Amino acid sequence: MILMAALVRLRPRTLGIIGVAIIALHNAVVPWLINHVPLGEFWKILYIGFFNGPVNGTPLIVLYSIIPWIGVMAAGYAFGTVLTMEPARRNRICLRLGLGATALFLVLRALNLYGDPRPWSATGPMPALLSFLNTTKYPASLSFLLMTLGPAIALIPLLDPARGRVARWLAVFGRVPFFYYVLHIPLIHALALVVSKIRTGSLDPWLFTNHPMANPPAPEGYTWSLGLLFLVWAIAVVMLYFPCRWYADLKARRNNWWLKYI
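The shown structure was predicted, so the numbers you read here are calculated from the model rather than taken from an experiment.

(A) Quick peek at helix α5 (residues 87-110). Taking 1.5 Å of rise per residue, 24 residues should cover 34 Å, and α5 covers 34 Å from first to last C-alpha, within 8% of that figure. Among the residues making up α5, those that are buried are R90, N91, C94, G98, A101, F105, L108 and R109. On the buried face of α5, the contacting elements are α4 (66-83), α6 (128-133) and α7 (142-159). Between a side-chain oxygen at the N-terminus of α5 and the backbone nitrogen of A88 the separation is 3.1 Å; the capping residue is E86. Where α5 terminates, the next one or two residues include N112, which has phi positive at roughly 50°.

And the structure:
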């Protein structure tokens, strides 16, 4: 976000080209740079991040590396110009971009041509479909971004005319996404404590280990069923709706400078 504060001074078209280039090329270019440019631990901040431990033994652990997320943000900022177009043109562009990105993901992933450091396999411990979809998020590979952003963009023309109670309910989250993000992590942890207390009669110490970076394997018998997981997810979303609606209304009524940052 700090880098974007400088990059937004560029023309949106230029910013979009830079963003798309980073998204498309980083899987090939950055690994080569890591082997040839001696930045040492700084590569953890720029690209490697997440499961590769603290930077120089400090408490600093990088969750979201700068590359390629700065490319995603740059491309998204430029994409904003598409969303301001008249509806018919906007919907045509969104549909073509979204379906094109999804099709490119299917081709690249099916043939293991390029786009992810981990090729998928029809054999192994993971079912073929899950292996196919198991793309790399840290750092986000081209395949991961095509797989997630492509369908989302393609859905814009379909969701644009949506009206009614459900549409208004969902729009609340879209108005305050960062506020939702900040709240959902402690809420999920609190709900996990409640589930642990109900299921086992105690708060499992495993829930207080170093999540998500270095937590040990879950205790035997602790793992939730998929049904319970979806139930708790639904409860969390419903609970977050009310503070998000309050905050969205607050942002609509007031013009405090700090409100635009959350």
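Moving on from the coordinates now.
(B) Summary view of unusual backbone geometry. Here I67 and P68 are connected by a cis peptide whose omega angle stands at 10°. Along the chain, the position of P68 falls in helix α4. In this structure, P139 follows Y138 across a cis peptide bond, with omega equal to -10°. Considering the arrangement of structural elements, one finds P139 in the loop between α6 and α7. A positive phi angle, near 50°, is found at N112, a position not held by glycine.

(C) Summary view of the pattern of salt bridges. Applying the stated criterion to the full structure yields two salt bridges. Of the charged contacts in the structure, one is a salt bridge between E41 and K44, with a shortest N-O distance of 3.4 Å. Residue D160 pairs with R90 through a salt bridge whose shortest N-O separation is 2.8 Å. You can see D160 sitting in the loop between α7 and α8 (165-175) and its partner R90 sitting in helix α5, a full 70 residues away along the chain. Exposure remark for R90: the relative accessible area of 11% places this residue in the buried category.

(D) Spatial organisation of the environment of G115. Along the chain, G115 falls in the loop between α5 and α6. Expressed as a C-alpha distance, the spacing of G115 and A28, which sit 87 residues apart in the sequence, is 8.3 Å.

Conventions used here
- Residues numbered from 1 in each chain as written.
- Predicted model: local features only at pLDDT ≥ 70, side-chain atom pairs only at ≥ 80, totals over all residues.
- Heavy atoms only, no water.
- Helix = DSSP H or I, 4+ residues; strand = E, 2+ residues; numbered from the N terminus.
- Expected span 1.5 Å × (residues − 1).
- Buried < 20%, exposed > 50% of the residue type's maximum accessible area, 1.4 Å probe, protein only.
- Contact = heavy atoms within 4.5 Å.
- Polar contact = N/O pair within 3.5 Å; in protein donor to acceptor, adjacent residues only side chain to side chain.
- Salt bridge = Lys/Arg side-chain N within 4 Å of Asp/Glu carboxyl O.

By themselves, these observations are geometric and do not establish any function.
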